[in-house]
Amino acid sequence: MTESECVECGGTVTLHDDLEVGEIVDCETCGAELEVVDVSPPVLDRAPELEEDWGE
Amino acid sequence: MKLGLLYSRIRKDEKLLLSELRDRGHEVAKIDVRKQRFGLNETTAEIADCDLVIDRCLATSRSLYATRFLSAYGVPVINSPETAAVCADKVKNSLALERAGVPTPATEVAFTKEAAMEAIEAFGYPCVIKPVVGSWGRLMAKLDTETAAEAILEHKATLGHYEHKVFYVQEYVDKPGRDIRVLACDGEPVAAMTRTSDHWLTNAAKGGETATFDLDDEAKELVRKASDAVGGGLLGVDLMETKDGEYTVHEVNHTVEFKALNEASAVDVPAAVVDWLELKAETGGEAVMTA
C-alpha cells in the first residue's frame, strides 16, 4: 500500500499496489473522485465529471 | 502479441483485461485518447507495431472517431468503427436488428413534440422514450400518462442537446422484472446473466441484482443474429423475455462492461475475451469463432 495527497482536501489517500494510470480512486476524507495520473510516485488529480455520452 | 488499449478511464473491466493480458506475457500499450492527436495519415498514438487495438473508450464520441481513424490507418481495431457506429446509436441499432430479422421492441422516431406525441398515443401507456445516444439507463423515461409524456417532451425539446429532439419512442415490454445480458465474441456467447430489479430499469449500473443465466438454444441463436446484424465483435447483447415466452433484443453494446458478469458467472470472462483477442490478432481482426 502507498499513499498520496488528495488535491481537493489535502487529506491522505491510501492506494493499493496494482495502481493503474487512468484509474479512479475515492478520497475517504472528502469523497472526491480522483484520477491516477502517475504511479511512480503516485500522483492524483481531480477526475473528469460524468459526460452524457459515457457508457458502454 | 502487442495490443493497444484505447481508454480515457481505467475501470475494473480494463484492469481485469490488463491483468489477464500481462499474465499471459502480452505487451500492452495503454493509449489515453485524451492525450492523442489523430491526423489523416498518422497519429501520436503508439499503434505502429500493435497486432490489434481494443477500444475501451468510456466516451462514445471518442470511441466512434478514434476507431474510425485507426481503421483508416489500416490498424485492426476491436470493435470496428462500423460496429461502433451502429451500436452507439439506438436508431441504427434498432434498424439493424429489425433488418436482420431479430425480434426487437416496436420503435418509432419523430422530430417534433407533436409528432412524438402522436407516436406515444399510438403505442398507448405505458411506453418508453429514450435518448438516441446514452448508456447505463440514463435519461430513459417510462411514460405512464399523457401529462407525463407532454412534460418530458417539453423538457427534452427545451433543455436538451439537439439529439434529444430526435424522439425515440418505443413500446413498453412488460418483462418479468429482469433482463438478460450476454457477452459474446463474434456471436458466440461467453457468459450471460440476468439483471433483476423492482424498478422498470434493470441495468446493473442502476443497481439491478445480477445472477448467472443459462442460455437456451433460441437465445443463443438470437445472440448470433444480433451480433451479425451490427457487424460482429466483442459485444454485450441485451434481451428481454416477453409475456408470450419469447425473447426480444433491445440493444447491442459495443464497449461492453463485464465486471458484474464476471462476478455473477462461473466463467472467467476476461480470460475468455483474451482467448478470443489472441485469435483475432492472428487473423488481423477477421471474425473468428471460438466454439
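Look above for the structure.
This section reports on the structure supplied with the text. (Residues numbered from 1 in each chain as written. Chains lettered and ligands numbered in written order. Predicted model: local features only at pLDDT ≥ 70, side-chain atom pairs only at ≥ 80, totals over all residues. Heavy atoms only, no water.)

1. Focus: the pairing of strand E4 (residues 33-39) of chain A
All names here are of chain A. Definition in use: Pairs of strands are assigned from DSSP output, requiring at least two bridges between the strands. In DSSP terms, a helix is any run of H or I states spanning at least four residues, a strand is any run of E spanning at least two, and both are numbered starting from the N terminus.
One ladder, built from three bridges, connects strand E3 (residues 24-26) with E4; its direction is antiparallel. Bridging across to E4, Ile-24 finds its partner in Glu-35. Summarising the sheet, E4 and strand E5 (residues 42-46) pair through five bridges and their orientation is antiparallel. Opposite Val-36, over in E5, you have Leu-44 as the bridge partner. Hairpin connection, E4 to E5: the antiparallel pair is bridged by two residues.

2. Quick look at helix H4 (residues 90-99) of chain B
Residues and elements named next belong to chain B. What counts here: Partly exposed describes any residue whose relative accessible area lies between the buried limit of under 20% and the exposed limit of over 50%, with all areas from a 1.4 Å probe on protein chains only and scaled to the type maximum. This arc is built from the directions going out from the helix axis to the C-beta atoms. Here, two residues are considered to be in contact whenever any of their heavy atoms come within 4.5 Å of each other. A 3.5 Å cut-off defines polar contacts: any pair of N or O atoms within that distance qualifies, except that in protein one atom must be a possible hydrogen donor and the other a possible acceptor, and neighbouring residues in sequence count only when both atoms are side-chain atoms.
For H4, the set of buried residues is Lys-90, Asn-93, Ser-94, Ala-96 and Leu-97. The buried residues of H4 occupy an angular sector of 165° when projected down its axis, which confines them to one face. Exposed side of H4, more than 90 degrees from the buried face: Glu-98 and Arg-99 are the residues found there. Looking at the buried side of H4, the elements it contacts are helix H3 (81-88), strand E5 (107-110), strand E6 (127-130), strand E8 (167-171), helix H7 (217-230) and strand E13 (247-253). By the N-cap criterion, in which a side-chain oxygen at the helix start approaches the backbone nitrogen of a residue two or three places on, H4 is capped by Asp-89, the distance to Val-91 being 2.7 Å. Of the residues one or two after H4, Gly-101 is the one with positive phi, at around 75°.

3. Quick notes on the pattern of salt bridges
All names here are of chain B. To keep things clear, this is the line we draw: What counts as a salt bridge is simple: a side-chain nitrogen of Lys or Arg found within 4 Å of a carboxyl oxygen of Asp or Glu.
Throughout the structure, instances matching the rule amount to 31 salt bridges over all chains. One salt bridge connects Lys-2 with Asp-49, and the closest N-O pair in it is separated by 2.9 Å. With Lys-2 in strand E1 (residues 2-7) and Asp-49 in the loop between strand E2 (27-32) and strand E3 (52-55), this residue pair connects regions lying 47 residues apart in the sequence. Among the residues examined, Asp-49 registers a relative accessible area of 49% and is labelled partly exposed.

4. Brief notes about the state of the cysteines
Put plainly, two cysteines are in a disulfide when a covalent bond ties their sulfur atoms together. Selection criterion: Counting rule for disulfides: a pair of cysteine sulfur atoms within 2.5 Å.
If you walk through the whole model with that rule in mind, you get zero disulfides over all chains. Free of any disulfide, Cys30(A) has its nearest cysteine sulfur in Cys9(A), 3.7 Å distant. The thiol of Cys50(B) is unpaired, and the distance to the nearest cysteine sulfur, on Cys57(B), comes to 14 Å.

5. What to know about the environment of Gly11(A)
Residues and elements named next belong to chain A. For Gly-11, the position within the fold is in the loop between strand E1 (2-5) and strand E2 (12-15). Sequence-wise, Gly-11 and Cys-27 are 16 residues apart; in three dimensions their C-alpha atoms are separated by 7.6 Å. Dropping the residues within four chain positions of it, Gly-11 is found in contact with Ser-4, Glu-5, Cys-6 and Thr-29.

6. Some remarks on the layout of surface pockets
Residue and element names in this part refer to chain B. Our working rule: Only protein atoms enter the 1 Å grid used here, on which a cavity is any set of points holding a 1.4 Å probe that cannot leave and a pocket is any open set flanked by protein within 12 Å on both sides along at least five of seven lines; residues with an atom within 4 Å of a point are listed as lining. Grid points are joined across faces, edges and corners, and a volume is the space filled by probe spheres set on the points. Here the nonpolar group is Ala, Val, Leu, Ile, Met, Phe, Trp, Tyr, Cys and Pro; Asp, Glu, Lys and Arg are the charged ones; every other residue, Gly included, is treated as polar.
Counted as a void, the largest pocket has a volume near 420 Å³. Surrounding the largest pocket, 15 residues form its lining, Thr-60, Ser-61, Leu-64, Val-133 and Glu-163 being those nearest its centre. Secondary structure elements with two or more residues in the lining of the largest pocket: helix H2 (60-72) and H3. For the lining of the largest pocket, a count of residues per class yields six nonpolar, three polar and six charged. Approximately 350 Å³ is the volume attributed to the second largest pocket.

7. Topic: empty space enclosed by the protein
Using the criterion set out here, one finds four cavities of 30 Å³ or more in the structure. There is about 320 Å³ of room inside the largest cavity. For the lining of the largest cavity, the secondary-structure elements that each account for two or more residues are E6, E8, strand E9 (178-185), strand E12 (234-241) and E13 of chain B. When residues in the lining of the largest cavity are grouped by element, the largest group, three residues, is from E13(B). Counted as a void, the second largest cavity has a volume near 110 Å³. Lining the second largest cavity are 13 residues, and of these Glu56(A), Cys87(B), Ala88(B), Gly134(B) and Asn253(B) sit closest to its centre. Elements with a contribution of two residues or more to the lining of the second largest cavity: H3 and E13 of chain B. Here the residues of the lining of the second largest cavity are counted per class, giving four nonpolar, five polar and four charged.

8. Thoughts on the sheet that holds E13(B)
Each strand in a sheet pairs with another by means of backbone hydrogen bonds, the pair being arranged parallel or else antiparallel. Residue and element names in this part refer to chain B. Under the convention used in this document: Each axis is a line fitted through C-alpha atoms, and for a helix only the stretch in contact is used; angles between axes span 0 to 180 degrees, taken between their N-to-C directions.
Taken in spatial order, the five strands of this open sheet run E11-E10-E9-E12-E13, and their pairing is antiparallel. The open sheet terminates on both sides in strands that have one partner only, identified here as strand E11 (209-212) and E13. Neighbour to neighbour, the strand axes of the sheet diverge by 30° on average, direction disregarded. The pairing of E12 with E13 spans six bridges and is antiparallel. Among the inter-strand pairings, Val-237 is bridged to a residue of E13, identified as Val-252. In this fold helix H9 (residues 269-282) packs onto E9, strand E10 (188-196) and E12, with an angle of close to 35° to the strand it touches most, E9.

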